[in-house]
Amino acid sequence: MSAASSLLTEDQCLCSICLDVFTDCVSTPCGHNFCKTCITKHWDENVPCKCPNCKKTFNTRPELKVNTFISEMAAHSSEQQVSKPGEVPCDVCTGTKLKALKSCLVCLASYCETHLEPHLTMSGLKRHQLIDPVENLEDRMCTKHDKLLELFCKTDQMCVCMLCIVLDHKTHDVVPLQEEYEGKKAELGKRDAEVQQMIQKRRLKIEEMKRSVELSKKDADREIAAGVQVFSALKESVERSQAELIDTIKEKQRETEKQAEGFIKELEQEISELEKRSSEVEQLSQSEDHLHLLQSFPSLNAAPPTKDWTGVSVRPPSYEGTVVRAVNQLEEMLSKQMKKAELKRVQQYAVDVTLDPDTANPELILSDDGKQVKHGDVTKNLPDNPERFDTYLCVLAKQSFSSGRFYHEVQVKEKSGWYVGVARDSINRKGKITATPQNGYWTICLRNENEYYALAEPPVRLSLKCQPEKVGVFVDYEEGLVSFYDVDAAALIYSFTGCCFTHKLYPYFNPFLNYGGKNSAPLIISPVNHTE
């Protein structure tokens, strides 16, 4: 079929009526070929029937014969793709250019499937070098010697022909084009791998930034909600305090008015009695009856019973300090609300913490659930592994943290001594330990029943209004912050700020000596009950 198709030109596969590849090719009695639909329509519209090519006239409409050979050739031709913009066309095709399958570096031409046939079958052409179709084959020729560029000069980093290496590059490092191609291709593969790795890193960075933005939005939403709650409570408190202030002032005013009304009523009653006596005196003084005046005078001589009003007055109440006291109460309430809001904010980062028995000093007793630790009276025989504290009564949690924020609470109730906080994984666990930030410890402690310290350098004595029964420990790794809270009072105890964390951090616990049972209560890792 391929040999036969090479005998036909492209025009021989085209219908002369529609100028396209034959569809259902039929032959007329005069030997010309057309699409069955085209010739049928032509004869329907033109009488008498004539051949569109040779103009032969047929008195009766002839019977059309199917041309099997040309139909197969046309079908084969239609299977080949017509060259599209951007694709390499066949240099041999006339009229409609078919898509080239190969380019010949010897002939400097590109061929479709049909016109490629000789290069695949003829012995002389089989030796030609065929490549995937490319345009501008003349660019592959040496402009100086008009020879194929088939070598590469590594010295000058350029493609050369066979004459170039004899005349201009004879002392240079020259290799076959294929060899340099393979080397450059491998190098491109490495570069592509590097680029892909860079792309992947940037995609991961984009995802990281998107996650950061998402976390930031969640944090912002939480802060807005907490802020709205605090300010709503503040607004209610201000309105309530204002109403109470107004009621207090009005109540004082009502009491003043009531007192004045009582005095006025009493005075008016006395005035009425005095006016009545005055009327009686006036009537008697006008009497001409000597006997009547003398007999009535004794009863009118004495003044009616009255009150001495000299020292009586209505004094306006003092409102001095009323507003100040109301504002002070409001400030105290706001301070409590802010403390609760702050504690509630850090409590949202609560994590589940359990004690690691592999780090516990042999004198410590841990509960089965890993939530309690206290000092025992017996030193257990335990392996002295590198993680274990051998001198000080310390134990770390199993959980470690190297980013983000985390929070946990420790019950210290009924204890006269304890240490709690966090420690980095590289701390010294053997022999004498100085628990300071410089040595990898960020802790607070209770000593001698009522002496609280933040173990900074030097230690900071803490003045607490009340003894905490439950201590909250909060860490913001990136911010370099370790804060301690009195959970029940919702009060900040102390904060280590400006820390630079580069290692894993572990929650740290030291129940201290039990002093013969006086400090026997355990340190208890408590579930976090979020502050309302």
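Going by the structure above, here's the rest.
Treat the numbers as computed from the prediction; the structure is a model and nothing was measured.

## Overview of the overall build of the protein chain
Step number 1: Regarding its fold elements, the protein chain presents nine helices and 24 strands.
Step number 2: For 532 residues, the compact-globule formula gives about 24 Å, and the C-alpha radius of gyration of the protein chain, at 55 Å, lies well above that figure.
Step number 3: Principal-axis analysis of the C-alpha atoms gives the protein chain an extent of 180 × 95 × 50 Å.
Step number 4: Taken across its 532 residues, the protein chain has 34% of its residues classed as buried.
Step number 5: Taking the contacts inside the protein chain whose residues are at least 6 apart along the sequence as the reference set, 56% of them involve residues at least 24 apart.

## Observations concerning the packing of helix H7 (residues 177–285) against helix H9 (residues 322–347)
Step number 1: Look at H7 against H9: their axes get within 10 Å of each other, and the N-to-C directions meet at 160°. It follows that H7 is roughly antiparallel to H9 by the angle criterion. Seen from above, H7 lies across H9 with right-handed handedness. Judged by residue contacts, Glu223, Gln229, Val230, Ala233, Leu234, Ser237, Val238, Ser241, Leu245, Ile249 and Lys252 of H7 engage Thr322, Val323, Ala326, Leu330, Met333, Leu334, Gln337, Met338, Ala341, Lys344 and Arg345 from H9.

## Here's the deal with the packing of aromatic side chains
Step number 1: Applying the stated rule across the entire model yields twelve aromatic pairs.
Step number 2: When the ring of Phe263 is compared with that of Trp309, the centres are 5.9 Å apart and the planes differ by 80°; the resulting orientation is edge-to-face. Taken together, the residues Phe263 in helix H7 and Trp309 in the loop between helix H8 (290–301) and H9 connect sequence positions 46 residues apart.
Step number 3: Owing to a relative accessible area of 18%, Trp309 belongs among the buried residues under this scheme.
Step number 4: Among the aromatic side chains, those forming a connected cluster through ring pairs are Tyr419, Phe512 and Tyr515.
Step number 5: The aromatic ring of Trp309 is capped on one face by Lys307, whose charged end is 4.7 Å from the ring centroid.
Step number 6: A cation over an aromatic ring shows up here: Arg447 above the ring of Tyr453, its NZ or CZ 5.1 Å from the ring centre.

## Here's the deal with the pattern of salt bridges
Step number 1: Counted under the stated rule, the structure contains 22 salt bridges.
Step number 2: Two residues, Glu208 and Lys205, come together in a salt bridge whose shortest N-O distance is 3.3 Å. On the criterion of helical spacing, the pair formed by Glu208 and Lys205 is a turn pair, its members being three residues apart in helix H7.
Step number 3: For Lys336, the salt bridge identified is with Glu332, shortest N-O distance 3.9 Å. Within this pair, Lys336 and its partner Glu332 are both found in helix H9, separated by four residues, close to a single helical turn.
Step number 4: Connected via shared salt-bridge partners are Asp219, Arg222, Arg405 and Asp476.

## Notes on the side chain of Ser27
Step number 1: Considering the arrangement of structural elements, one finds Ser27 in strand E1 (residues 25–27).
Step number 2: A polar atom in the side chain of Ser27 sits 2.4 Å from the side chain of Asn33.
Step number 3: At 3.2 Å, the side chain of Ser27 and the side chain of Asn67 are in polar contact.
Step number 4: Beyond its immediate chain neighbours, meaning those up to four positions away, Ser27 contacts His32, Asn33, Leu64, Lys65 and Asn67.

## Quick notes on the sheet that holds strand E7 (residues 109–111)
Step number 1: One open sheet accounts for three strands, arranged E7-E6-E8; its pairing is antiparallel. The two strands at the open ends of the sheet, each matched to only one other strand, are E7 and strand E8 (130–131).
Step number 2: Contacting strand E6 (102–104), E7 and E8, helix H4 (residues 113–121) runs over the sheet at an angle of about 110° to E7.

## Structural notes on the pairing of strand E18 (residues 451–454)
Across a regular strand the side chains alternate sides, sitting on one face of the sheet and then on the other.
Step number 1: Two elements, strand E17 (residues 441–447) and E18, share four bridges in a ladder whose sense is antiparallel. Among the inter-strand pairings, Arg447 is bridged to a residue of E18, identified as Glu451.
Step number 2: The hairpin formed by E17 and E18 contains three residues between the paired strands, and Asn448 there has a positive phi angle of roughly 50°.
Step number 3: Both E18 and strand E19 (residues 460–462) contribute to a ladder of three bridges, which runs antiparallel. The residue of E19 that forms the bridge with Tyr452 is Leu462.

## Quick look at helix H2 (residues 36–45)
Step number 1: Those residues of H2 lying buried are Cys38, Ile39 and Trp43. The buried residues of H2 all sit within an arc of 125° when viewed along its axis, so they share a single face. In H2, the exposed positions angled more than 90 degrees off the buried face are occupied by Thr37, Lys41, Asp44 and Glu45.
Step number 2: Looking at the buried residues of H2, the elements they touch are E1, strand E2 (33–35), strand E3 (49–50) and strand E4 (57–58).

## Remarks on a nonpolar patch on the surface
Step number 1: Together, Leu163, Val166 and Leu167 make up a nonpolar patch on the protein surface, roughly 270 Å² of accessible area in all.
Step number 2: As for its position among the elements, Val166 is in helix H6 (residues 162–167).
Step number 3: By relative accessible area, Val166 is classed as exposed at 52%.

## Some thoughts on the pairing of strand E13 (residues 372–375)
Step number 1: Only one face of E13 is covered, namely the face carrying Val373 and His375; the face carrying Gln372 and Lys374 is uncovered.
Step number 2: One ladder, built from three bridges, connects strand E12 (residues 364–366) with E13; its direction is antiparallel. Among the inter-strand pairings, Leu366 is bridged to a residue of E13, identified as Val373.
Step number 3: The hairpin formed by E12 and E13 contains five residues between the paired strands, and Gly370 there has a positive phi angle of roughly 70°.
Step number 4: The sheet contact formed by E13 and strand E24 (residues 523–526) spans two bridges and is antiparallel. Each bridged residue has a counterpart across the sheet, and for Gln372 the counterpart in E24 is Ile524.

Thresholds applied
Residues numbered from 1 in each chain as written. Predicted model: local features only at pLDDT ≥ 70, side-chain atom pairs only at ≥ 80, totals over all residues. Heavy atoms only, no water. Helix = DSSP H or I, 4+ residues; strand = E, 2+ residues; numbered from the N terminus. Rg over C-alpha atoms; globule rule 2.2 N^0.38 Å. Buried < 20%, exposed > 50% of the residue type's maximum accessible area, 1.4 Å probe, protein only. Contact = heavy atoms within 4.5 Å. Axes fitted to C-alpha atoms, helices over the stretch in contact; angles between N-to-C directions. Parallel < 35°, antiparallel > 145°, perpendicular 65-115°, else oblique. Left-handed = near helix turned anticlockwise from the far one by under 90°. Phe/Tyr/Trp six-rings, centres within 6.5 Å; stacked < 30°, edge-to-face > 60°. Lys NZ or Arg CZ within 6 Å of the ring centre and 35° of its normal. Salt bridge = Lys/Arg side-chain N within 4 Å of Asp/Glu carboxyl O. Polar contact = N/O pair within 3.5 Å; in protein donor to acceptor, adjacent residues only side chain to side chain. Pairing = 2+ DSSP bridges. Arc of directions from axis to C-beta. Patch = residues over 30% accessible without salt bridge, like charges linked within 9 Å, V, L, I, M, F, W, Y side chains within 5 Å. Areas by Shrake-Rupley, 256 points an atom, 1.4 Å probe, with all protein chains shown as cover.

Distances and angles like these do not, on their own, reveal function.
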